[in-house]
Amino acid sequence: MLVSAERLILFLASSGVRDGRPGLRRHHDRGIRAGGSHRPGGDQIMTAENIVGLVVAVSLLGYLVLALLYPERF
């Protein structure tokens, strides 16, 4: 005979209760996303924000390298 905790677990598993968090789906309910973009601007390769971020990152990297090579100037 099953003890009460095992009975409770079996009941919760069979009744569809999911660990108290509403809105979750079971792992086997996930569908595979179709190809393509699902967000605005996602089909563009490089946006203006990406280019500005890349320029800032490269300039910061150059500044740090120069600060390491010539610390007396900074």
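What counts as what
- Residues numbered from 1 in each chain as written.
- Predicted model: local features only at pLDDT ≥ 70, side-chain atom pairs only at ≥ 80, totals over all residues.
- Heavy atoms only, no water.
- Helix = DSSP H or I, 4+ residues; strand = E, 2+ residues; numbered from the N terminus.
- Buried < 20%, exposed > 50% of the residue type's maximum accessible area, 1.4 Å probe, protein only.
- Patch = residues over 30% accessible without salt bridge, like charges linked within 9 Å, V, L, I, M, F, W, Y side chains within 5 Å.
- Areas by Shrake-Rupley, 256 points an atom, 1.4 Å probe, with all protein chains shown as cover.
- Salt bridge = Lys/Arg side-chain N within 4 Å of Asp/Glu carboxyl O.
- UniProt positions renumbered as here; feature names shortened; annotations may be inferred.
- Polar contact = N/O pair within 3.5 Å; in protein donor to acceptor, adjacent residues only side chain to side chain.

Some thoughts on the overall build of the protein
Working step 1: Scanning the protein from N- to C-terminus turns up two helices and zero strands.
Working step 2: Within the protein, the fraction of its 74 residues that count as buried is 0%.

Some words on a nonpolar patch on the surface
Working step 1: On the surface, Leu61, Tyr63, Leu64, Val65, Leu66, Leu69, Tyr70 and Phe74 cluster together to form a nonpolar patch covering roughly 820 Å² of accessible area.
Working step 2: Leucine 61 sits in the exposed class, given a relative accessible area of 55%.

Describing the UniProt feature "transmembrane region" (unreviewed entry) in the protein
Working step 1: Those residues carrying the UniProt feature "transmembrane region" (unreviewed entry) are residues 51–70 in this numbering.
Working step 2: A helix fraction of 95% and a strand fraction of 0% characterise residues 51–70, whose end C-alpha atoms lie 28 Å from each other.

A look at the environment of serine 59
Working step 1: Considering the arrangement of structural elements, one finds serine 59 in helix 2 (residues 48–69).
Working step 2: Residue classification places serine 59 among the partly exposed residues on the basis of a relative accessible area of 44%.
Working step 3: At 2.8 Å, the side chain of serine 59 forms a polar contact with the backbone oxygen of valine 56.

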